[in-house]
Amino acid sequence: MAICKLNTNLTRSSQCGYSLPQIVELYLVNYEDLTETEYTSSGGCEEITAVTIASGATVSKVEPAKNSASFEDTLVVEDSGARYRNANITFNVTGTYNACMHGALDALSLGRYFVVVKTADGNYLGFGRISPLEAETATLAGGSDTNGLQIVLSGNIAESPMPLSEEAVAQIKAKIAE
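Keep in mind it's a predicted model, so treat the numbers as computed, not measured. (Residues numbered from 1 in each chain as written. Predicted model: local features only at pLDDT ≥ 70, side-chain atom pairs only at ≥ 80, totals over all residues. Heavy atoms only, no water.)

(A) Looking closely at the overall build of the chain. Summing up its helical and strand segments, the chain has 2 helices and 11 strands in all. Element order for the chain, N to C, with α for helix and β for strand: β-β-β-β-β-β-α-β-β-β-β-β-α. By the compact-globule yardstick of 16 Å for 178 residues, the chain fits well, its C-alpha radius of gyration being 17 Å. Oriented by its inertia axes, the alpha-carbon framework of the chain measures out at about 50 × 40 × 40 Å. Across the 178 residues that make up the chain, the buried fraction comes to 35%. For the chain, contacts bridging at least 24 residues in sequence account for 67% of all contacts bridging at least 6. Element-wise, carbon and sulfur atoms account for 49% of the exposed surface of the chain, whose accessible area totals about 10,600 Å². Counting 11 positive and 21 negative side-chain charges, the chain places the averaged centre of each group 6 Å from the other. (Helix = DSSP H or I, 4+ residues; strand = E, 2+ residues; numbered from the N terminus. Rg over C-alpha atoms; globule rule 2.2 N^0.38 Å. Buried < 20%, exposed > 50% of the residue type's maximum accessible area, 1.4 Å probe, protein only. Contact = heavy atoms within 4.5 Å. Areas by Shrake-Rupley, 256 points an atom, 1.4 Å probe, with all protein chains shown as cover. Lys, Arg positive; Asp, Glu negative; His and termini not counted. Charge placed at Lys NZ, Arg CZ, Asp CG, Glu CD.)

Take a look at the structure:
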């Protein structure tokens, strides 16, 4: 549901506190395994309250290389006046490039995902709930400062990132692959 009227004060005095929106963990759900998400809306505040994942499906947890992960959610306005958002999540994964990493590179390159990011300040944000994110770039590099995989997932979507409730986070974590 889109919120078209601002009804919350955004003052410095009401936003007092630390903010460190750096990504420390990502949770990737194969989009075809996402059967339902529920959210609540109250007074202009919205959050995902439930995430249902298909029976037998799992969630992949990614711990990105230190200081390599970031996200952007940008409003796009077309010449016709149409408005939508472009979500972009970038992260690096280090480690030995072996048979399993080869499979992960292909899956990240070709898959479609609902992505939950955990920030350093403990917030969980969902991207691609209505429309999935897909790889824009998937690079394997060696012999430089950017060794390993660099992945950029992006998508044009019709909603801004939505925070997850504690219950929704628990549902995601309960499905993490062994």
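So much for the structure itself; the text now carries on.
(B) Molecular detail of helix H2 (residues 166-173). Looking only at H2, the buried set comprises Ala168, Val169 and Ile172. Buried residues of H2, seen end-on, are gathered within an arc of 100° and therefore sit on one face of the element. The exposed set on the far side of H2, more than 90 degrees from its buried face, consists of Glu166 and Glu167. Among the structural elements, strand S1 (23-30), strand S3 (45-53), strand S4 (59-62), strand S7 (112-119) and strand S8 (124-127) are those in contact with the buried residues of H2. (Arc of directions from axis to C-beta.)

(C) Local environment of the packing of aromatic side chains. Scanning the model with the defined rule gives 2 aromatic pairs in all. Where tyrosine 27 meets tyrosine 124, the ring centres are 6.4 Å apart and the plane angle is 35°; that geometry is what we call tilted. Taken together, the positions of tyrosine 27 in strand S1 and tyrosine 124 in strand S8 put the pair 97 residues apart, joining distant regions of the chain. For tyrosine 27, a relative accessible area of 1% corresponds to the buried category. Under the relative-accessibility criterion, tyrosine 124 is labelled buried at 11%. (Phe/Tyr/Trp six-rings, centres within 6.5 Å; stacked < 30°, edge-to-face > 60°.)

(D) Expanded view of the environment of glutamate 47. Relative to the assigned elements, glutamate 47 resides in strand S3. Spatially, the C-alpha atom of glutamate 47 lies 17 Å from that of tyrosine 27, the residues being 20 residues apart in sequence.

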